[in-house]
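# An overview of the molecular structure
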Amino acid sequence: MDGDHAVILRKVRRWLWFFLVCLVLSGLTAFPLETETRWLLELSSGPAAPLGDHFPEATAWLERVHTGLVETDERYPFLAYGTDWLAFAHLVIAAAFWGPLKDPVRNIWVIRWAVLACGAVIPLALICGPLRGIPLPWRFIDMSFGVFGAIPLLIVLRALRPLERAFREPAPAH
């Protein structure tokens, strides 16, 4: 492998690690939802919190979400099992990136699939959000995860183009 390819692979692997770490962190945050929403609520409504002053609807929404989680956990704790599976899915998807980290050209399909999955976040939020009573600004936050998730993956796909071409072309005869 020549020096240019090595530089490309380092860049690709850095971006893949970034995506993978974000995916794992996103998954891990699906476990302690009650605690996290309490912290967000405290941050948004505390004395030094401008969110509550400027966006009272956002604070009201955080309060509603937190109350819903607390009440549901008290009465129906088994429903949290769904978010446990959500967290698990994030971690399993992150594990699928072991192949692209080892050999991004041979496993480029995983990266392409992940870009499609990021894109699918948008129609999911637009269709299911209103059905579940999710406010429009929150749906935009949800959609941003798909957009921001796709950015490093698209950078990776673009960087891989020369390696993919070199992989497909037969080696020159000596």
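Everything here concerns the structure above.
Residues numbered from 1 in each chain as written. Predicted model: local features only at pLDDT ≥ 70, side-chain atom pairs only at ≥ 80, totals over all residues. Heavy atoms only, no water.

### A short note on a positive patch on the surface
- A cluster of basic residues, R10, K11, R14, R158, R161, R165 and R168, forms a positive patch at the surface.
- Elements with a contribution of two residues or more to the positive patch: α1 (3–28) and α8 (136–168).
- No other element matches α8, which puts four residues into the positive patch.
- Considering the arrangement of structural elements, one finds R168 in helix α8. (Patch = residues over 30% accessible without salt bridge, like charges linked within 9 Å, V, L, I, M, F, W, Y side chains within 5 Å. Areas by Shrake-Rupley, 256 points an atom, 1.4 Å probe, with all protein chains shown as cover. Salt bridge = Lys/Arg side-chain N within 4 Å of Asp/Glu carboxyl O. Lys, Arg positive; Asp, Glu negative; His and termini not counted. Charge placed at Lys NZ, Arg CZ, Asp CG, Glu CD. Helix = DSSP H or I, 4+ residues; strand = E, 2+ residues; numbered from the N terminus.)

### Side note on the environment of E36
- Relative to the elements of secondary structure, E36 occurs in helix α2 (residues 33–45).
- Between the C-alpha atoms of E36 and H66, which are 30 residues apart in sequence, the distance is 8.7 Å.

### A closer look at the pattern of salt bridges
- In total, this model carries three salt bridges according to the counting rule given.
- Taking the shortest distance from any N to any O, the salt bridge between R38 and E42 comes out at 3.7 Å. Residue R38 and its partner E42 are both found in helix α2; the two are separated by four residues, about one turn of the helix.
- On the basis of relative accessible area, R38 is assigned to the partly exposed category, the value being 34%.
- In this structure, E164 and R112 form a salt bridge, with 2.9 Å as the shortest nitrogen-oxygen distance. In this pair, E164 is assigned in helix α8 and R112 in helix α7 (residues 108–131), connecting sequence segments 52 residues apart.
- By relative accessible area, E164 is classed as buried at 14%. (Buried < 20%, exposed > 50% of the residue type's maximum accessible area, 1.4 Å probe, protein only.)

Read these as spatial facts, not as claims about activity.
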